[in-house]
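Observations on the three-dimensional arrangement
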Amino acid sequence: MPAFFLAATKGDFITALTGLTYERAVFFHTWLAILSFSLVTAHVGIVGFYWARPSYDIIPKYPKYVYGIIGYVCFFCLVFGNIAIIRRYAFDFFMLNHRVHSFIMLLMAFLHNDKAKAMIIVGIHLLVLDKVLGRVYGILHSKKSPTKGFSEFELVDDDTIRATVPVKISKTNPNNWYRLLLFKYGTWLAGSHVYLNVKKVDFFQHHPFVIASLPSSGNITLIIKKRNGFTKKLFEKVKAIRDEQLANGINEDVAEHQKPSDPNIVKLKASFRGPSSPKYQPLITFDSVAFFAHDTGASFVLPVCLDLLQTIEKREVLKDYLGRPAHSYIKVYWSVKKASDVLWYNDLITKLTPFINSGKVSITVFVEEDDEMKTIEHNPFGVDSKKISEVVSVESDSFSVSNPTMKYVYEEPMNVSKILQTHIASMNFPEQESYRSLAVLSCGYGSFGEEVEYETSKYRWGKDVPNIYFYNESYNT
Ligand SMILES: Cc1cc2nc3c(=O)[nH]c(=O)nc-3n(C[C@H](O)[C@H](O)[C@H](O)COP(=O)(O)OP(=O)(O)OC[C@H]3O[C@@H](n4cnc5c(N)ncnc54)[C@H](O)[C@@H]3O)c2cc1C
């Protein structure tokens, strides 16, 4: 029972102890639930069979049997209310169903059970502790925030919002062992996500979004795609306030921290639970790292890449080569709808620019649709590269290790299979000086991660291929 609950916690506790990512832990939560449901169904079936015999009175005689029946009905609703189609199209209903029925089911299980009460209590307390701690951290962040939780929301596209949540940054090291067990306070690891709540949009809902910034920026930046529920309501709210500000000007009667600097920016009070950290292997140990991002998957990939490059740089200064290659071969492959989408991440790309210019990383952006950015004559980030308007083909020199450019590939969808093949071939395996270990990280919507995983797995057992580690940060639930 405690394992079943622990697997659904949002903090870093289970991740730190087991190395399981949140996504994998939830997988266990689901399967342990299905296993217990099967066992409970067998129990109900056997008991029902005996009750149905003529020698037994059909009506349950003791309250504990009634509790058992109610508990089983709730368990049934929990399991069947959790099917993918309900989660996809009616997430709110799924959450409400989950909370109400799990509460009643646990209470009934507690009353029904004679011998395993302790397990139920331990399990519930672990979950409650996780929720309460997450909430307390959220309140603390909000109270200590330089703007009392007021955050900036900006529409950067027809279906994308950039949220900037100011945070009081603490100087503590997020990598201390005890910090691995708790939510991080005032800091986070690259690739972490928070559960965002905007009370004016929905009082109860908390939604996960990856932090597209590093703690040194002092802000939690989130790039949010409009879907059909909370994100759509948030988009419409921000749009309505922005349009009003553009028409009537900014409201001057509010406190300074509530006043936006620009009428295009909307200030709303936001809070969050978390941050929760991802769990991937230390990337610095790999000879080569290939990052794959689709659309807002860059929120995960770019901070992780920047963090890796900054860590390598710090170790370079110290001449510390222990447990890492002298030269890492790092590439980012990023597929976007329009070239201008890269501007959502201007802060991160500006920080990546020195590394791009010095050839420590190369970024290839695959642009699905033509847009006005193609005609811009200068590079928006000042990267020492070819003009943004230049069409660079995958077959061209774009894969050489020494080419210090940020490249744009137009109207050619990202071909993961071809990219991986070229990436691995350019690692020159199995020559003496070649690279031997490769980490592949991916992030994106839908089946993107699965596609990268599938393509990567083809190289797992091949001849003359590097040792490959794969990690996917999934946006699916
Ligand atoms: C770890 C993680 C990080 C994410 N990071 C980002 C990000 O940086 N940018 C981004 O645009 N999206 C991100 N997502 C996806 C984002 O959380 C969902 O798109 C958002 O919650 C949808 O809200 P909605 O009510 O508008 O969704 P709906 O239109 O109602 O549903 C769309 C999909 O979102 C899922 N969903 C709905 N509510 C929730 C919820 N409370 N928690 C989890 N999933 C939910 C549903 O299963 C459904 O498949 C991330 C998801 C996860 C799990």
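Residues numbered from 1 in each chain as written. Predicted model: local features only at pLDDT ≥ 70, side-chain atom pairs only at ≥ 80, totals over all residues. Heavy atoms only, no water.

1. Thoughts on the environment of N248
Inspection of the secondary structure assignment puts N248 in helix α9 (residues 230-248). Residue N248 is classed as exposed on the basis of its relative accessible area, which comes to 61%. In the structure, N248 is positioned 15 residues away from P263 in sequence and 9.4 Å away in space, judged by C-alpha atoms. (Helix = DSSP H or I, 4+ residues; strand = E, 2+ residues; numbered from the N terminus. Buried < 20%, exposed > 50% of the residue type's maximum accessible area, 1.4 Å probe, protein only.)

2. Quick look at the UniProt feature "transmembrane region" (unreviewed entry) in the protein chain
Per the UniProt record, "transmembrane region" (unreviewed entry) is found at residues 31-53 and 65-86. Each end of residues 65-86 is marked by a C-alpha atom, and these two atoms are 31 Å apart; helix forms 86% of the span and strand 0%. (UniProt positions renumbered as here; feature names shortened; annotations may be inferred.)

3. Some thoughts on the sheet that holds strand β6 (residues 265-269)
The strands making up a sheet associate through hydrogen bonds between their backbones, and the pairing can be parallel or antiparallel. Taken together, the four strands give an open sheet; going across it, the order is β5-β2-β1-β6, and neighbouring strands pair in antiparallel fashion. Looking at which strands have only one partner, the edges of the open sheet turn out to be β5 (219-225) and β6. Each neighbouring strand pair of the sheet contributes to a mean axis angle of 25°, computed without reference to strand direction. Both strand β1 (residues 150-155) and strand β2 (residues 160-166) contribute to a ladder of four bridges, which runs antiparallel. From the neighbouring strand, L155 faces β2, where its bridge partner is I161. (Pairing = 2+ DSSP bridges. Axes fitted to C-alpha atoms, helices over the stretch in contact; angles between N-to-C directions.)

4. Structural notes on the site of the ligand
For the ligand, the set of nearby residues contains 22 residues, the closest of which are H207, P208, N228, T231 and Y445. One of the backbone nitrogen or oxygen atoms of F230 is found 2.8 Å away from an oxygen atom of the ligand. The separation between a nitrogen atom of the ligand and a polar side-chain atom of Y445 is 2.6 Å. In isolation the ligand offers 880 Å² of accessible surface; the protein chains occlude 92% of this area. Taken together, the elements giving at least two residues each to the shell around the ligand come down to α5 (84-89), β4 (207-210), β5, α9 and β13 (467-474). (Near = heavy atom within 4 Å. Polar contact = N/O pair within 3.5 Å; in protein donor to acceptor, adjacent residues only side chain to side chain. Areas by Shrake-Rupley, 256 points an atom, 1.4 Å probe, with all protein chains shown as cover.)

5. Concerning the nonpolar core
Counting 47 residues, the largest nonpolar core has L283, F291, W334, Y345 and L441 as its most contacted members. The dominant element in this core, judged by the number of residues it contributes, is helix α10 (residues 298-317), at ten residues. V167, L196, V198 and L268 belong to the second-largest nonpolar core, a separate cluster that totals 24 residues. (Core = buried A, V, L, I, M, F, W, Y, C linked by side-chain atoms within 4.5 Å.)

6. Comments concerning the sheet that holds strand β12 (residues 437-444)
With parallel pairing, the six strands of this open sheet are ordered in space as β11-β10-β9-β8-β12-β13. Edge positions in the sheet fall to β11 (406-410) and β13, since each has one partner strand and no second. Going from strand to strand, the sheet's axes swing by 15° on average, the running direction of each strand aside. Relative to strand β10 (residues 361-367), strand β9 (residues 329-336) is paired through seven bridges, and the arrangement is parallel. Residue W334 lies in a different strand from β10, and its bridge partner there is V365. Running over the sheet, helix α11 (residues 346-357) touches β9, β10 and β11 and is turned about 125° from β10. Here helix α13 (residues 448-457) sits on the sheet in contact with β8 (288-294), β12 and β13, set at roughly 160° to β12. (Contact = heavy atoms within 4.5 Å.)

7. Comments concerning the packing of aromatic side chains
For any pair of aromatic rings, geometry is given as the distance between the ring centres together with the angle between the planes. In total, this model carries 17 aromatic pairs according to the counting rule given. Their ring planes at 20° and their centres at 5.6 Å tell us that F286 and Y469 sit as a pair that is stacked. Note that F286 is positioned in the loop between β7 (271-276) and β8 and Y469 in strand β13, a separation of 183 residues in sequence. F286 gets classed as buried once you look at its relative accessible area, which sits at 11%. One aromatic cluster is present, built from ring pairs that chain together F37, Y72, F75, F76 and F80. Across the ring face of F235, the terminal group of K226 is positioned such that the distance to the ring centre comes to 4.6 Å. Note that R273 overlies the ring of Y195, its terminal NZ or CZ placed 5.8 Å from the centroid. (Phe/Tyr/Trp six-rings, centres within 6.5 Å; stacked < 30°, edge-to-face > 60°. Lys NZ or Arg CZ within 6 Å of the ring centre and 35° of its normal.)

8. Overview of helix α6 (residues 91-112)
One turn of an α-helix holds 3.6 residues; hence residues three or four places apart share an orientation. An ideal rise of 1.5 Å per residue puts 32 Å on 22 residues; α6 measures up with 30 Å between its terminal C-alpha atoms. Listed in full, the buried residues belonging to α6 are F94, N97, H101, M105, L106, M108 and A109. Taken end-on, α6 shows its buried residues confined to a sector of 165°, consistent with a single buried face. Exposed residues lying more than 90 degrees from the buried face of α6 are L96 and F103. On its buried face, α6 is in contact with α1 (2-6), α4 (63-80), α5 and α7 (117-144). (Expected span 1.5 Å × (residues − 1). Arc of directions from axis to C-beta.)

9. Comments concerning the pairing of β11
With five of five residues buried, β11 is to be regarded as a mostly interior element. Of the two faces of β11, the one carrying M406, Y408 and Y410 and the one carrying K407 and V409 are both buried. Pairing geometry for β10 and β11, over five bridges, is parallel. Pairing of V365 across the sheet is with Y408, part of β11.

10. A closer look at the pattern of salt bridges
Tallying each qualifying case throughout the model produces eleven salt bridges. In this structure, the salt-bridge partner of R242 is D243, at a minimum N-O distance of 3.1 Å. For R324, the salt bridge goes to E316, with nearest N and O atoms at 3.2 Å. On the basis of relative accessibility, which here comes to 26%, the residue E316 falls in the partly exposed class. Taken together, the salt bridges that share partners define one network made up of D159, K225 and D295. (Salt bridge = Lys/Arg side-chain N within 4 Å of Asp/Glu carboxyl O.)

11. Describing the packing of α4 against α6
Put simply, α4 and α6 touch, their axes get as near as 8 Å, and they point 155° apart. Considered as vectors, α4 and α6 are oriented roughly antiparallel to each other. Along this stretch, α4 crosses α6, giving a crossing that reads as left-handed. Of the residues in α6, those in contact with K64, Y65, Y67, G68, I70, G71, C74, F75, C77 and L78 of α4 are N97, H98, H101, S102, I104, M105, M108, L111 and H112. Class assignment for the residues of the contact of α4 with α6 results in eleven nonpolar, seven polar and one charged. (Parallel < 35°, antiparallel > 145°, perpendicular 65-115°, else oblique. Left-handed = near helix turned anticlockwise from the far one by under 90°. Nonpolar A, V, L, I, M, F, W, Y, C, P; charged D, E, K, R; others polar.)

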